[in-house]
Amino acid sequence: MMMNSMLNSKSNDCIKIIEATGKKKVASFHLNEIDIKVYRMVYAYLFHYYDFENYHPTYSLSKGLLITGNIGVGKSYMMQIFQEIARKISSYKIVKQSTLLVNSLK
């Protein structure tokens, strides 16, 4: 796929890429209707698409992103999928909070 179509968070291309990336790790990976909304929103934030700011009046690309949820809902897996996608377009990587804390104390 062309990189430009991959970066369009409004199109279905980004969902196809997310699902294909997820299926590389778990063959049964599939996004339901609610997942699609969440993944599109996080995709728009991580790759700095201004349409992210249209999801809610208080959303801004200049703010941080807090992802919360119960244990086992797929937060880490979602970020691993985005890490894999981002390897193709940037130097984004997942860093554990404890690592950041230890490094800041050095």
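Residues numbered from 1 in each chain as written. Predicted model: local features only at pLDDT ≥ 70, side-chain atom pairs only at ≥ 80, totals over all residues. Heavy atoms only, no water.

## Re the packing of aromatic side chains
Logical step 1: Counted under the stated rule, the structure contains 10 aromatic pairs.
Logical step 2: Aromatic pair Tyr 43 and Phe 47: ring centres 4.9 Å apart, planes at 65 degrees, arrangement edge-to-face. Residue Tyr 43 shares its accessibility class with Phe 47, and that shared class is buried.
Logical step 3: Ring plane angle 55 degrees and centroid distance 6.2 Å describe the contact between Tyr 43 and Phe 82, whose orientation is recorded as tilted. With a gap of 39 residues between them, Tyr 43 in helix H3 (residues 33–46) and Phe 82 in helix H4 (residues 75–86) connect regions that are remote in the sequence. Taken as a pair, Tyr 43 and Phe 82 share a single burial class, namely buried. (Phe/Tyr/Trp six-rings, centres within 6.5 Å; stacked < 30°, edge-to-face > 60°. Buried < 20%, exposed > 50% of the residue type's maximum accessible area, 1.4 Å probe, protein only. Helix = DSSP H or I, 4+ residues; strand = E, 2+ residues; numbered from the N terminus.)

## As for the nonpolar core
Logical step 1: Core analysis: the largest hydrophobic core is formed by 22 residues, its most contacted members being Ile 18, Tyr 39 and Phe 82.
Logical step 2: If you tally residues by element for this core, the top one is H4, at 7 residues.
Logical step 3: Excluding its chain neighbours within four sequence positions, the residues that come into contact with Ile 18 are Phe 29, Leu 31, Tyr 39, Tyr 43, Ile 81, Phe 82 and Ile 85. (Core = buried A, V, L, I, M, F, W, Y, C linked by side-chain atoms within 4.5 Å. Contact = heavy atoms within 4.5 Å.)

## Description of unusual backbone geometry
Logical step 1: The backbone of His 48 shows a phi angle near 55 degrees, a positive value even though the residue is not glycine.
Logical step 2: Topologically, His 48 is positioned in the loop between H3 and H4.

## Some words on the packing of helix H2 (residues 13–25) against H3
To describe two helices that pack against each other, one gives the angle between their axes and the distance between the axes.
Logical step 1: At their nearest, the axes of H2 and H3 sit 10 Å apart, and the two run at 100 degrees to each other. The angle between the axes of H2 and H3 places the two elements in the roughly perpendicular class. Judged by residue contacts, Cys 14, Ile 15 and Ile 18 of H2 engage Ile 36, Tyr 39, Arg 40 and Tyr 43 from H3.
Logical step 2: In terms of residue class, the contact of H2 with H3 is built from 6 nonpolar, no polar and 1 charged. (Axes fitted to C-alpha atoms, helices over the stretch in contact; angles between N-to-C directions. Parallel < 35°, antiparallel > 145°, perpendicular 65-115°, else oblique. Nonpolar A, V, L, I, M, F, W, Y, C, P; charged D, E, K, R; others polar.)

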